[in-house]
Amino acid sequence: NAGVTQTPKFQVLKTGQSMTLQCAQDMNHNSMYWYRQDPGMGLRLIYYSASEGTTDKGEVPNGYNVSRLNKREFSLRLESAAPSQTSVYFCASSALGPPRTDTQYFGPGTRLTVL
Amino acid sequence: AQSVAQPEDQVNVAEGNPLTVKCTYSVSGNPYLFWYVQYPNRGLQFLLKYITGDNLVKGSYGFEAEFNKSQTSFHLKKPSALVSDSALYFCAVRDISNFGNEKLTFGTGTRLTIIP
């Protein structure tokens, strides 16, 4: 049982390049989330998917798109990377139930640098 | 709207002493409250949560937290600190009275350093 996995672990991009961050969970969870973590700002929600087939914007969605490919996988795409998107990105998942637990389980993160 | 405040960026405690990491929250309805811990270069790990019932919640690694509705607080505590407790701690809240709200709001984190 791997939990939440993310690829890649590290990535360096040039301004304007695009890339997709991959996330998968094997816990049969309904909900999945993408966060970014920046020093002094905690975790900020980019997008989330309450269930397969649905996605919603979080606190900081600009510059990102997401795809809930199936129940297991939730990808985050940067179409045209900017230096302001340099951050550590975390994927998480949680069970909506039954039973509903609300506890989110996090992946190991992707450290992204945009030059 | 829901929000969380962690008023201390950094907390230093001597090994063996009790520790407290503070968290206050704001919701319009009733809260679910969480504590997570992050070790260097790792993702967040769940420590404990308050959903309902007993105001004192016990979690992993000997940590506990007390839900105080009148003070809108959910401080994390441990009776005797270990050097291995040194990490970044996040408090999070969800307003369960907001129907359809699936989001957690996280605080900015408190770095706990246990001094040998």
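To be clear, the structure that these remarks concern was listed above.
Residues numbered from 1 in each chain as written. Chains lettered and ligands numbered in written order. Predicted model: local features only at pLDDT ≥ 70, side-chain atom pairs only at ≥ 80, totals over all residues. Heavy atoms only, no water.

K.L.:
I keep staring at the overall build of chain B and nothing clicks. Help me out?
P.N.:
Counting secondary structure elements, chain B contains zero helices and 12 strands. Starting at the N terminus and ending at the C terminus, chain B contains elements arranged as β-β-β-β-β-β-β-β-β-β-β-β. Taken over the C-alpha trace, chain B has a radius of gyration of 14 Å; the compact-globule value for 116 residues is 13 Å, and the two agree within 12%. Referenced to the eigenvectors of the C-alpha coordinate spread, the extents of chain B come out at roughly 45 × 30 × 20 Å. Relative to its 116 residues, chain B shows a buried fraction of 47%. Here chain B displays about 5500 Å² of accessible surface, and carbon together with sulfur accounts for 49% of that area. Side-chain charges in chain B split into 10 positive and 9 negative, and the spacing between the mean points of these groups amounts to 4 Å. (Helix = DSSP H or I, 4+ residues; strand = E, 2+ residues; numbered from the N terminus. Rg over C-alpha atoms; globule rule 2.2 N^0.38 Å. Buried < 20%, exposed > 50% of the residue type's maximum accessible area, 1.4 Å probe, protein only. Areas by Shrake-Rupley, 256 points an atom, 1.4 Å probe, with all protein chains shown as cover. Lys, Arg positive; Asp, Glu negative; His and termini not counted. Charge placed at Lys NZ, Arg CZ, Asp CG, Glu CD.)

K.L.:
Would you take a moment to explain the environment of B:S84 for this structure?
P.N.:
All names here are of chain B. Structurally, S84 can be placed in the loop between β9 (73-78) and β10 (87-95). The class of S84 is exposed, set by a relative accessible area of 51%. As a C-alpha pair, S84 and T113 span 29 residues in sequence and 9.1 Å in three-dimensional space.

K.L.:
Is there a simple way to explain the state of the cysteines in this structure?
P.N.:
What we call a disulfide is simply a covalent bond connecting the sulfur atoms of a pair of cysteines. Residue and element names in this part refer to chain A. Applying the stated rule across the entire model yields two disulfides over all chains. Covalently, C23 is tied to C91 through a disulfide, its sulfur atoms 1.9 Å apart. Taking the torsion about the S-S bond as the criterion, the C23 to C91 disulfide, at about -75°, is left-handed. In this pair, C23 is assigned in strand β3 (residues 19-25) and C91 in strand β9 (residues 87-94), connecting sequence segments 68 residues apart. (Disulfide = S-S within 2.5 Å.)

K.L.:
Teacher, can you tell me more about unusual backbone geometry here?
P.N.:
Most of the time, phi is negative for any residue but glycine, and the peptide bond is trans. Of note, the bond from A:T7 into A:P8 is cis; its omega dihedral lies within 30 degrees of zero at -5°. With respect to the helices, strands and loops of the structure, A:P8 is situated in the loop between β1 (4-7) and β2 (10-13). With a phi close to 60°, B:N41 is a non-glycine residue in the positive phi region. Following the sequence through the fold, B:N41 ends up in the loop between β5 (31-38) and β6 (44-50). Here B:N41 falls in the exposed class, since its relative accessible area comes to 66%. The backbone phi angle of B:Y61 is positive, close to 60°, even though this residue is not glycine. Note on placement: B:Y61 falls in the loop between β7 (56-58) and β8 (64-68).

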